[in-house]
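# Commentary on secondary and tertiary structure
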Amino acid sequence: MFKVLSKCLLAISFYMGLVASATGHTYFFGVTDLNVNAKTKHLEIVHQFTTHDIENSIAERKQIHFSAEHKSYDLYIQQYFEEQFSLEKNSIKIPLNWLGFEIISGKIIAYQESKQQSFLPQIVVKNAILIDTYPKQVNTVNYQGKDLQGVALFGSLTFDYRIKEAIITPQTDH
C-alpha cells in the first residue's frame, strides 16, 4: 500500500512540475515582422508567439478547453490572429489574407499577407495579441520597406496593455 501511495505521490508531483514549467513563465512577449516585398509591394506578415499562451487566451475568451486536439483548432487560431492584429491606411482596413501557421518548438508562427500594394508610411498597426490575457505581455512589430520616394524605411513599434495601436512614420525609424 505504501509503495503504491508513494508512486502516486511521485507521479502527481512530477506532473505538477511539468504543468508549472509549461505555464509558469514570467516573460510574455511576441514578435511580428512586417515586410514589404520589394517586387510585388505586398505586405508579408509573420507572427511568433508562445503556443500555450495563444491557446490559453483562446480558451479564456471562448470559455472552453482548448488544445491542438480541439476540432476547431486551426479555425480558432486563425480567428484569434485576425481579430487581434490589423492594419489600416487612411482609416481603411487593409485586407490581410491568412496563409496559415505552424508550431515549432512551442512557438506558433503565423503567416498573413496583403495582396494590395502598400507603402509603410502612415500604416496604422493594431496589435492586441495576448495583451488582454497577460497584463505583462509586450509585442514588438518590426517593419521594413520603402517610403513613397523609394527610401528605405525600417524600425519597430512596441505594444502593451497601454498601447494597442501605433502608426508607422518616418520619425519612428531606428
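These figures come from a predicted structure and were not determined experimentally.

## Side note on the overall build of the chain
Each helix and strand in the chain was counted, giving three helices and 10 strands. Put simply, the chain runs from its N terminus to its C terminus through helices and strands in the order α-β-β-α-α-β-β-β-β-β-β-β-β. The 174 residues of the chain split such that 39% are buried. Counting contacts in the chain only where the partners sit at least 6 residues apart, residues at least 24 apart contribute 57% of the total.

## So, unusual backbone geometry
The residue Gln63 is not glycine, and still its phi comes out positive at about 55 degrees. Its place among the elements puts Gln63 in the loop between α2 (51-62) and α3 (73-84). The class of Gln63 is exposed, set by a relative accessible area of 66%. In the Ramachandran plot, Ser105 falls in the positive-phi region, its phi being about 50 degrees despite a non-glycine side chain. Among the secondary structure elements, Ser105 is positioned in the loop between β5 (97-104) and β6 (107-117). The class of Ser105 is exposed, set by a relative accessible area of 75%.

## Re the pattern of salt bridges
Under the definition given, this model contains six salt bridges. Its salt-bridge partner being Glu83, residue Arg61 comes within 3.2 Å of it at the nearest N-O pair. One end of the pair, Arg61, is in helix α2; the other, Glu83, is in helix α3, with 22 residues separating them in the sequence. Judged by relative accessible area, which is 41%, Arg61 ranks as partly exposed. Residue Glu83 is classed as exposed on the basis of its relative accessible area, which comes to 51%. Between Asp132 and Lys164 there is a salt bridge whose closest N-O contact spans 2.7 Å. A residue pair is termed long-range when its members are at least 10 positions apart, and Asp132 in the loop between β7 (123-127) and β8 (138-146) and Lys164 in the loop between β9 (152-159) and β10 (165-167) qualify at 32 residues. Counted as one network, the salt bridges with shared partners bring together Glu88, Lys126 and Glu165.

## Digging into α2
The end-to-end C-alpha separation of α2 is 17 Å, in line with the 16 Å expected for 12 residues at 1.5 Å each. For α2, the elements touching its buried residues are β2 (42-50), α3, β5 and β6.

## Focus on the nonpolar core
One finds Leu34, Ile54, Leu87 and Val125 to be the most contacted residues of the largest nonpolar core, which totals 36 residues. A total of five residues in this core trace back to one element, the largest contributor, which is α3. Not counting chain neighbours up to four residues away, the residues in contact with Ile54 comprise Phe49, Ile77, Tyr80, Phe81, Ile108, Ile129 and Leu130.

## Some points on the sheet that holds strand β4 (residues 92-93)
One open sheet accounts for four strands, arranged β4-β3-β7-β10; its pairing is antiparallel. Among the strands making up the open sheet, the edge pair consists of β4 and β10. Note that β7 and β10 share three bridges and pair antiparallel. Residue pairing in the sheet places Val124 in a bridge with Ile167 of β10. Along the sheet, α3 makes contact with β3 (85-89) and β7, crossing β3 at roughly 40 degrees.

## With respect to the pairing of β9
Covered by surrounding structure in β9 are Leu153, Gly155, Leu157 and Phe159 only, the residues Ala152, Phe154, Ser156 and Thr158 on the alternate face being uncovered. As paired strands, β8 and β9 are joined by eight bridges and run antiparallel to one another. Counted as the bridge partner of Val141 is Leu157 from β9. Two successive antiparallel strands, β8 and β9, enclose a turn made up of five residues, where Gly150 displays a positive phi of approximately 85 degrees.

Conventions used here
Residues numbered from 1 in each chain as written. Predicted model: local features only at pLDDT ≥ 70, side-chain atom pairs only at ≥ 80, totals over all residues. Heavy atoms only, no water. Helix = DSSP H or I, 4+ residues; strand = E, 2+ residues; numbered from the N terminus. Buried < 20%, exposed > 50% of the residue type's maximum accessible area, 1.4 Å probe, protein only. Contact = heavy atoms within 4.5 Å. Salt bridge = Lys/Arg side-chain N within 4 Å of Asp/Glu carboxyl O. Expected span 1.5 Å × (residues − 1). Core = buried A, V, L, I, M, F, W, Y, C linked by side-chain atoms within 4.5 Å. Pairing = 2+ DSSP bridges. Axes fitted to C-alpha atoms, helices over the stretch in contact; angles between N-to-C directions.

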